Amino acid sequence: MSNESISSTLQEHRLFAPPRAADLGFSAWHVASMAEYRALHERSVREPDSFWAEEASNVSWFGPWDRVLEWRAPDAKWFVGGRLNACYNCVDRHVQSGHGDETAIVWEGEPMGPKTSHPVPGSAYAAEPEIRRLSYRDLQIQTSKLGNALKALGVKKGDVVTIYMPMVPELAVAMLACARIGAAHSVIFGGFAPHAISERAQDAHSRVIITSDGGFRRGEVVPLQTNVEEAVDQLNNLGHIINHVVVLKRTAHVLPSQRFVSGAMRNGSTRFHWWHDVVSRASDACPCEAMESEDMLFLLYTSGSTGKPKGILHTTAGYLVYAQMTARLTFNLIPDAGQLFWCSADIGWITGHSYVLYGVLMNRVPTLMFEGAPNAPRNDRFWDIIARHRVTQFYTAPTAIRTFMKWGDEHPAGHDLSSLRLIGTVGEPINPEAWMWYHKHIGRERCPIVDTYWQTETGGHVVTPLPGAVATKPGSCTVPMLGIDAAIVNEGGEELPANKGGLFCIKKPWPGMLRGVYGNRERFISNYWSRLKDPRTGEPWYFSADGARRDEDGYFWVQGRIDDVIKVSGHLLGTMEVESALVSHPAVAEAAVVGMPHEIKGSAICAFVTLRPAWLINNKREPDDALKKELAAHVAGEVGALARPDQVRFADGLPKTRSGKIMRRLLRDVAAGVEKITQDTSTLEDFSVISKLRADEE
Ligand code: PRX
């Protein structure tokens, strides 16, 4: 458990009562007391059909559903027989009900300088940032045009479109346009490397990619299009042809690469098109496709304990019902109430899908999108954005909060944060110290904090305080969302007494749950549904792969993952993914990757590597710091910068049990014992003694 050291030693007794709605500027709380929460929760799990039927009435249907749920564990079909469209629910229905001119998205670009120019440090930063506001009508027109353009490129209902873009409004347009025409989107985080793109596009059988020439990040240009070109080449070598690549002009930082000619044939059959060309030719009349409730809405790849990422499959109706409900209740979203919601996550993660886009737009509350980094150009950029736009609800990650703490209190102190009414956190356990800092310096001791526990697989929050009802404790994600029957159990499925650590499970289906791992039924079952079951009926329960405990008040405390994935700065990474990247370097014979505690990132990657002596001799190299750096850079090049190990350590052999299993626990202990993150000794680790000592323990 990567965060065991943080959470299990907690003795946290501070309790923060929910504030009064009026004191914060809310007209009311959706759920206003613990008694109301308890009654609602009890009903939601006892009578799920009527509860979810009511929630489904917040979604607009083209055709009514006739059964709330068909459940043959682990397969759920929600709102069976219904027909609807996600883009219609986020966009068109608001236009039709007379809200077309209202703001749907407020976007701010990273460069604080003249429009779309490359920022020149010191001069361009002095100017105003680029800001765009898109109304629901703008979104309707733009998703219609892009939808028609995609159809003209041959995209059909049911196809998977890969999207690899920076945080610009067109990313939202691209996702909604796919939904509009019934294509599923598979968004890949812009920080991933070419190999990650090709691997995901191939797994999804995707033939069309939407990207951008580049994206701005900390004043630099991220070469997104170049990465896509490389991925297209890799796919081509595998015999997987990408038919079309649509390229948004964003950074215009370089002339189109020589390999890029709009509309020209490349690699036999891949065509590259400028976004503005295909869209300018397209009509703005594009009806929203009527989708079945269980038609795929999107795939989102996440790391697992094998080297290959999993395509988590979400479908239309259940996901929408769950995203709108959780967004509404957790963040107390209310339309026409002067709210501006800002989730700082990248849309390339599930947090961005549910709470930058779908959940917020469904509730007709404007959503803020920011293109860049919190320290571009200065360490106060986020607070500057909150103050200038009058953000009312703000949602970010513990790793960001710890970074802000390190940067210093003066950055938020210099800004007017009085518009804030509620603040939230997600992605990993938050240490009480960071919680208290967030409460004091950002929430100004007024705003409730919602610590939301959930996963790519759950579609939306599954354990979280409802801000008007649940008193909070620093470090606890508190109580289950309505409709979530959560428990801490042992391997035998027995519920554990208060404060005893066990496995986090959900006993009943919920609408936002994943419907599968794309193309891999076996992984769907073995990852989520095979470890825990109801000891009486034998019915499988959902297992999240997290260890957690529940305290005497029934509050949940998540301790961290118990599988071979690591949370680095809130991003999930498979140890095997990083190990495969390492062994793809010719110097490496064997590699083992573990997480080690890190003050800001939560966990950082520590890689133990054995080298090939012949390679060292042939290349006249030593096992030195230069080689460590080279291997770390190699991982970043293969997977993406977020996977770059903080530490590479050479060993003469990896410690193994008699049956040949790598002793990860030992390696974690060794990694955790390291005082300094940057250790420059190049001596080899000798595990032989410790391995012998520990061999019988494993
Ligand atoms: O370990 C839990 C941790 O993040 C994992 C899910 O990661 P991912 O699918 O990338 O989704 C992240 C955003 C929803 C979980 O298994 N996690 C997420 N939120 C919390 C958390 N751990 C503790 N507290 C949280 N609030």
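Further up the page is the structure itself.
Source: prediction; values computed, not measured.

Asker: Please clarify how the overall build of the protein should be interpreted in this entry.
Answerer: Broken down by element type, the protein carries 22 helices and 31 strands. Scaling as 2.2 N^0.38, a compact globule of 698 residues should have a C-alpha radius of gyration of about 26 Å, and the protein matches this with 25 Å. Taking the principal axes of the C-alpha coordinates as reference, the protein spans close to 75 × 65 × 55 Å. Sequence separation of at least 24 residues holds for 73% of the intrachain contacts in the protein that already meet a minimum separation of 6. Accessible area for the protein stands at about 25700 Å²; split by element, carbon and sulfur atoms hold 51% of it. Of the charged side chains in the protein, 74 are positive and 80 negative; the average position of the first set lies 2 Å away from that of the second.

Asker: I would appreciate a short explanation of the packing of helix 3 (residues 34–46) against helix 4 (residues 48–56) in the present structure.
Answerer: A pair of packed helices is captured by two measures, namely the crossing angle of their axes and the spacing between those axes. One can describe the packing of helix 3 onto helix 4 by two numbers: an axis separation of 5 Å at closest approach and a directional angle of 110°. Judged on the interaxial angle alone, helix 4 and helix 3 are roughly perpendicular. Where helix 3 approaches helix 4, its residues R43, S44, V45 and R46 are matched on the opposing element by P48, S50, F51 and E54. Among the residues making up the contact of helix 3 with helix 4, the classes are represented as three nonpolar, two polar and three charged.

Asker: Sorry if this is basic, but what is going on with the pattern of salt bridges here?
Answerer: A side chain of one charge can pair with a side chain of the opposite charge when the charged atoms of the two come close. In total, this model carries 39 salt bridges according to the counting rule given. Between K601 and D646 there is a salt bridge, with the nearest N and O atoms lying 2.7 Å from each other. Within this pair, whereas K601 is found in the loop between strand 29 (588–598) and strand 30 (602–611), its partner D646 is found in the loop between helix 20 (625–638) and strand 31 (647–650), the two being separated by 45 residues in sequence. Its relative accessible area of 23% is what places K601 among the partly exposed residues. Residues participating in the shared-partner salt-bridge network are E42, R43, R46, E47 and E54.

Asker: Would you mind showing me how to read the sheet that holds strand 20 (residues 422–426) here?
Answerer: Across a sheet, paired strands are connected by hydrogen bonds in the backbone, their directions being either parallel or antiparallel. Strand order in this open sheet of seven strands is 5-4-18-17-19-20-21, and the pairing throughout is mixed. Looking at strand neighbours, the two that pair on one side only are strand 5 (131–135) and strand 21 (449–452), the edges of this open sheet. Averaged over all pairs of adjacent strands, the angle between their axes in this sheet comes to 20°, without regard to strand direction. The pairing of strand 20 with strand 21 spans four bridges and is parallel. Each bridged residue has a counterpart across the sheet, and for G424 the counterpart in strand 21 is V450. Strands strand 4 (103–108), strand 17 (341–343), strand 18 (367–370), strand 19 (393–396) and strand 20 of the sheet are contacted by helix 12 (residues 350–362), whose axis makes an angle of about 165° with strand 17.

Asker: Sorry, what's going on with the site of the ligand here?
Answerer: Not every one of the 17 residues close to the ligand is listed here, only the nearest: D451, T452, T456, D546 and R561. The separation between a nitrogen atom of the ligand and a polar main-chain atom of P429 is 3.4 Å. Q455 has a polar side-chain atom sitting 2.9 Å from an oxygen atom of the ligand. For the ligand, whose unbound accessible area comes to 550 Å², protein coverage reaches 95%. Secondary structure elements with two or more residues in the shell around the ligand: helix 12, strand 21 and strand 26 (556–561). A breakdown of the residues in the shell around the ligand according to their chemical character gives seven nonpolar, five polar and five charged.

Asker: Mind showing me how you'd approach the packing of helix 7 (residues 169–181) against helix 12 here?
Answerer: Between helix 7 and helix 12, the shortest axis-to-axis distance is 12 Å and the interhelical angle comes to 55°. Our classification of the angle between helix 7 and helix 12 gives oblique. In terms of crossing hand, the pair formed by helix 7 and helix 12 is right-handed. Side by side, helix 7 and helix 12 meet where A172, M175, L176 and A179 of the first sit next to H353, L357, Y358 and L361 of the second.

Asker: Quick question: what am I supposed to make of the environment of S354 here?
Answerer: Position of S354 relative to the elements: it lies in helix 12. Using a relative accessible area of 0% as the deciding quantity, one classes S354 as buried. Taking C-alpha positions, S354 is 29 Å from P597, a pair spaced 243 residues apart along the chain. If sequence neighbours within four positions are ignored, S354 has contacts with Y319, G359, V360, W454 and G459. Here G459 takes part through its backbone oxygen, which lies 2.7 Å from a polar atom of the side chain of S354.

Asker: What should I look at first to understand the pairing of strand 2 (residues 75–80) in this one?
Answerer: Along any regular strand the residues' side chains alternate between the sheet's two faces. Judged from the five bridges that link them, strand 1 (residues 67–72) and strand 2 form a sheet pairing that is antiparallel. From the neighbouring strand, E70 faces strand 2, where its bridge partner is K77. Linkage of strand 1 to strand 2, two consecutive antiparallel strands, is achieved through a turn of two residues.

Asker: Would you mind going over the sheet that holds strand 26 with me for this structure?
Answerer: Spatially, 22-23-25-26 is the arrangement adopted by the four strands of the open sheet, whose pairing is antiparallel. Each edge of the open sheet carries a strand with a single partner, namely strand 22 (486–489) and strand 26. Sheet twist, expressed as the average angle between the axes of neighbouring strands with direction ignored, equals 45°. Bridging between strand 22 and strand 23 (residues 502–506) involves four bridges; their strand directions are antiparallel.

Asker: Help me out: how do you make sense of unusual backbone geometry in this one?
Answerer: Residues apart from glycine generally show negative phi values, whereas peptide bonds are mostly found in trans. For the peptide bond that leads from A73 to P74, omega is 0°, which places it in the cis range. Inspection of the secondary structure puts P74 in the loop between strand 1 and strand 2. The amide bond that connects A376 to the next residue, P377, takes the cis arrangement and shows omega of 0°. Within the element layout of this structure, P377 appears in the loop between strand 18 and helix 13 (381–389). Backbone geometry places T478, a non-glycine residue, at a positive phi of 65°. Locating T478 in the fold gives a position in the loop between strand 21 and strand 22.

Asker: Before we go on, may I ask you to explain the side chain of R364 in this structure?
Answerer: With respect to the element layout, R364 can be found in the loop between helix 12 and strand 18. Among the polar contacts made by the side chain of R364, one reaches the side chain of D336 at a distance of 2.9 Å. With residues up to four places along the chain from it excluded, the contact list for R364 reads H94, H99, E102, Y136, P335 and D336.

Asker: Before we go on, may I ask you to explain helix 11 (residues 316–331) in this structure?
Answerer: Given 3.6 residues per helical turn, the α-helix brings residues three or four places apart onto the same face. Spanning 16 residues, helix 11 covers 22 Å between terminal C-alpha atoms, matching the ideal 22 Å at 1.5 Å per step. N332 sits one or two residues past helix 11 and shows a positive phi near 50°.

Asker: Where do I start with the packing of aromatic side chains in this structure?
Answerer: Any pair of aromatic rings gets described here by the distance separating the centres and the angle formed by the planes. According to the stated counting rule, one finds 38 aromatic pairs in the structure shown. Considering the side-chain rings of F16 and W435, the 5.0 Å spacing of their centres and the 40° angle between planes classify their relative orientation as tilted. Here the residue F16 occupies a position in the loop between helix 1 (4–7) and helix 2 (21–24), and W435 occupies one in helix 16 (residues 432–442), the gap between them amounting to 419 residues. You can call F16 partly exposed: its relative accessible area is 22%. With 5.7 Å between their ring centres and 45° between their planes, W78 and F79 make a pair best called tilted. Since its relative accessible area comes to 1%, W78 is described here as buried. On the basis of relative accessible area, F79 is assigned to the buried category, the value being 0%. One residue, K249, lies across the ring of W274, its end atom 5.2 Å from the ring centre. The residue whose ring lies beneath K473 is Y555, and the NZ or CZ to ring-centre distance is 4.5 Å.

Quick notes on the rules
- Residues numbered from 1 in each chain as written.
- Predicted model: local features only at pLDDT ≥ 70, side-chain atom pairs only at ≥ 80, totals over all residues.
- Heavy atoms only, no water.
- Helix = DSSP H or I, 4+ residues; strand = E, 2+ residues; numbered from the N terminus.
- Rg over C-alpha atoms; globule rule 2.2 N^0.38 Å.
- Contact = heavy atoms within 4.5 Å.
- Areas by Shrake-Rupley, 256 points an atom, 1.4 Å probe, with all protein chains shown as cover.
- Lys, Arg positive; Asp, Glu negative; His and termini not counted.
- Charge placed at Lys NZ, Arg CZ, Asp CG, Glu CD.
- Axes fitted to C-alpha atoms, helices over the stretch in contact; angles between N-to-C directions.
- Parallel < 35°, antiparallel > 145°, perpendicular 65-115°, else oblique.
- Nonpolar A, V, L, I, M, F, W, Y, C, P; charged D, E, K, R; others polar.
- Salt bridge = Lys/Arg side-chain N within 4 Å of Asp/Glu carboxyl O.
- Buried < 20%, exposed > 50% of the residue type's maximum accessible area, 1.4 Å probe, protein only.
- Pairing = 2+ DSSP bridges.
- Near = heavy atom within 4 Å.
- Polar contact = N/O pair within 3.5 Å; in protein donor to acceptor, adjacent residues only side chain to side chain.
- Left-handed = near helix turned anticlockwise from the far one by under 90°.
- Expected span 1.5 Å × (residues − 1).
- Phe/Tyr/Trp six-rings, centres within 6.5 Å; stacked < 30°, edge-to-face > 60°.
- Lys NZ or Arg CZ within 6 Å of the ring centre and 35° of its normal.

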